[in-house]
Amino acid sequence: MLQPRARGLVFLYFLSFYLFQTEAQVLYRVSGNSVAAKSYILATNKLTDIRFLDSIPNLFKCYAQSDKVITEFAMQDYEAFQTLRQAALLPDSIQLRRYYTSEEYRDIDNALLLTLGLGLEKLGRMKPQYLTEMYRIELLKKYAGYDEDRSSSHFFEAVAIQQDKPVYGLDDIGETMFMTFDREPFEWQCKELLDIVRNPDFEIRQEKTLKNLYQQGRLLDMAYQVSGPDNKSSISFSDYRIYVKRNKEWVKRLRPYLLAGKAFIVLDAVYLGGEGGLLAQLQAAGYKVKPVNK
């Protein structure tokens, strides 16, 4: 028979194992708070290939039980694409060259030419945040294996469209434009663009780290990785604070979908973990949020 101390150690071992298993998740069930039926939240990561989805137990069963898909922004409208493209342009009164020294401007121009095939002669009318994102995506394609066609992030939205299952966005076109082009002050945008072209390794290492954490189901660590002081990538603490604020609004917007039940919610994992993450904010609003695969 185990001695008391040994029994205590065994208990702590199984407790730590249980906590690890319940925290290391990417698929969650949402119930309670007067909802008619369960809904599900899937955390995604754009660098993760769709083959990873096969490794998540019960994922496709949960999706099959849903009657609608909820995403950050349902980008299905051609007019919405055109609106976003127009919003990416700087006003005629703002000249990007004025915000950099000659050397800085040359560094950005060379980096964009090398990576995108177009320099500031062609792209100088675009907002810095848009240029940062374009450059960032090309870095991830070249050095981190990002393949938009095989990314797991948009898989269920695409499947829902094929199945004529309704897809709804939590943000409208105006909010999407703000998050894409204007979520930070213009001077910060200019600095981030210069930082990423001069230190692309910071971006690549960060995204690879987030991918590894995601595939281990460590959403809490992902939140710390983004919001922590060591993060020198283009998506850092200031962006995370904006995500936390937006999560509060998303909890309200999710209410009618959750009340009706059978929603399948697909969002980037960096929005979900941590004290300000969407999962914690849903719990604070009275919902029961539990991992599907304990």
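(A) Expanded view of the pairing of strand S6 (residues 288–291). Going residue by residue along S6, you find Val-289 and Pro-291 tucked away on one face and Lys-288 and Lys-290 left uncovered on the opposite face. Where strand S1 (residues 27–31) and S6 come together, four bridges link them in antiparallel fashion. The residue of S6 that forms the bridge with Arg-29 is Lys-290.

(B) Inspection of the side chain of Ser-153 at higher detail. By the element assignment, Ser-153 lies in the loop between helix H6 (128–143) and helix H7 (155–162). Its relative accessible area of 15% is what places Ser-153 among the buried residues. Of the polar contacts made by the side chain of Ser-153, one reaches the backbone nitrogen of Lys-46; its length is 3.2 Å. When neighbours within four sequence positions are excluded, Ser-153 is seen to be in contact with Thr-44, Asn-45, Lys-46 and Val-266.

(C) Seen up close, the nonpolar core. Counting 55 residues, the largest nonpolar core has Leu-42, Leu-219, Leu-254, Phe-264 and Leu-282 as the members making the most contacts within it. If one sorts the elements of this core by residue count, helix H12 (residues 237–260) sits on top with nine residues. Every residue in contact with Leu-219, bar those within four places of it in the chain, is listed here: Gln-25, Val-26, Tyr-28, Ala-43, Ala-269, Leu-272, Gly-273 and Leu-279. One finds Ala-111, Leu-112, Phe-186 and Cys-190 within the second-largest nonpolar core, a separate group that totals 25 residues.

(D) Local environment of the environment of Asn-110. Mapped onto the elements, Asn-110 comes out in helix H4 (residues 102–116). For the pair Asn-110 and Leu-120, spaced 10 residues apart in sequence, the C-alpha separation works out to 8.6 Å.

(E) Representation of the layout of surface pockets in the model. Computed from the structure, the largest pocket encloses a volume of approximately 1700 Å³. Lining the largest pocket are 46 residues, with Glu-133, Ile-137, Tyr-146, His-154 and Thr-180 positioned closest to its centre. Residue assignment for the lining of the largest pocket shows that the elements contributing at least two residues are helix H3 (78–87), H6, H7, helix H8 (173–182), helix H10 (200–215), H12 and strand S5 (263–268). The dominant element in the lining of the largest pocket, judged by the number of residues it contributes, is H6, at nine residues. Residue composition of the lining of the largest pocket, grouped by class: 21 nonpolar, 10 polar and 15 charged.

(F) Expanded view of the pairing of S1. Across the five residues that make up S1, a large majority, four, are buried. By the bridge criterion, four bridges tie S1 to strand S2 (residues 39–44) in an arrangement that is antiparallel. Paired with Arg-29 across the bridge in S2 is Tyr-40.

(G) Looking closely at the confidence of the model for the protein. Confidence along the protein averages 89 in pLDDT terms, with 89% of residues attaining 70 or more. Note on residues 4–23: pLDDT under 50 across the span, and 10 contacts to partners over four residues away in sequence or across chains.

(H) Focus on the packing of H4 against helix H9 (residues 186–198). Where H4 meets H9, the axes come as close as 9 Å, and the angle between the chain directions of the two elements is 60°. One finds that H4 runs oblique with respect to H9. Regarding H4 and H9, the two cross each other, and that crossing is left-handed. Note on element contacts: H9 touches H4 through Leu-193, Leu-194, Val-197 and Arg-198, opposite Glu-103, Glu-104, Asp-107, Ile-108 and Ala-111. Looking at the contact of H4 with H9 residue by residue, the class counts come to five nonpolar, no polar and four charged.

(I) Quick peek at the environment of Asp-49. Secondary-structure assignment places Asp-49 in the loop between S2 and helix H2 (59–64). Remark: the alpha-carbon pair of Asp-49 and Asp-149, spanning 100 residues in sequence, is separated by 9.1 Å. For Asp-49, the residues in contact, after removing those within four places along its chain, are Arg-150 and Ser-152. Here Arg-150 takes part through its side chain, which lies 2.8 Å from a polar atom of the side chain of Asp-49.

(J) Molecular detail of unusual backbone geometry. Backbone geometry at Asp-164 places phi at a positive 60°, although glycine is not the residue there. Mapped onto the secondary structure, Asp-164 falls in the loop between H7 and strand S4 (167–169). Judged by relative accessible area, Asp-164 falls into the exposed class, the value being 70%. Non-glycine residue Lys-262 carries a positive phi angle of around 60°. The partly exposed category is assigned to Lys-262, whose relative accessible area is 42%.

What counts and what doesn't
Residues numbered from 1 in each chain as written. Predicted model: local features only at pLDDT ≥ 70, side-chain atom pairs only at ≥ 80, totals over all residues. Heavy atoms only, no water. Buried < 20%, exposed > 50% of the residue type's maximum accessible area, 1.4 Å probe, protein only. Helix = DSSP H or I, 4+ residues; strand = E, 2+ residues; numbered from the N terminus. Pairing = 2+ DSSP bridges. Polar contact = N/O pair within 3.5 Å; in protein donor to acceptor, adjacent residues only side chain to side chain. Contact = heavy atoms within 4.5 Å. Core = buried A, V, L, I, M, F, W, Y, C linked by side-chain atoms within 4.5 Å. 1 Å grid on protein atoms, 1.4 Å probe; cavity = no way out; pocket = protein on both sides within 12 Å on 5 of 7 lines; lining within 4 Å. Points joined across faces, edges and corners; volume = space filled by probe spheres on them. Nonpolar A, V, L, I, M, F, W, Y, C, P; charged D, E, K, R; others polar. pLDDT = per-residue confidence, 0-100. Axes fitted to C-alpha atoms, helices over the stretch in contact; angles between N-to-C directions. Parallel < 35°, antiparallel > 145°, perpendicular 65-115°, else oblique. Left-handed = near helix turned anticlockwise from the far one by under 90°.

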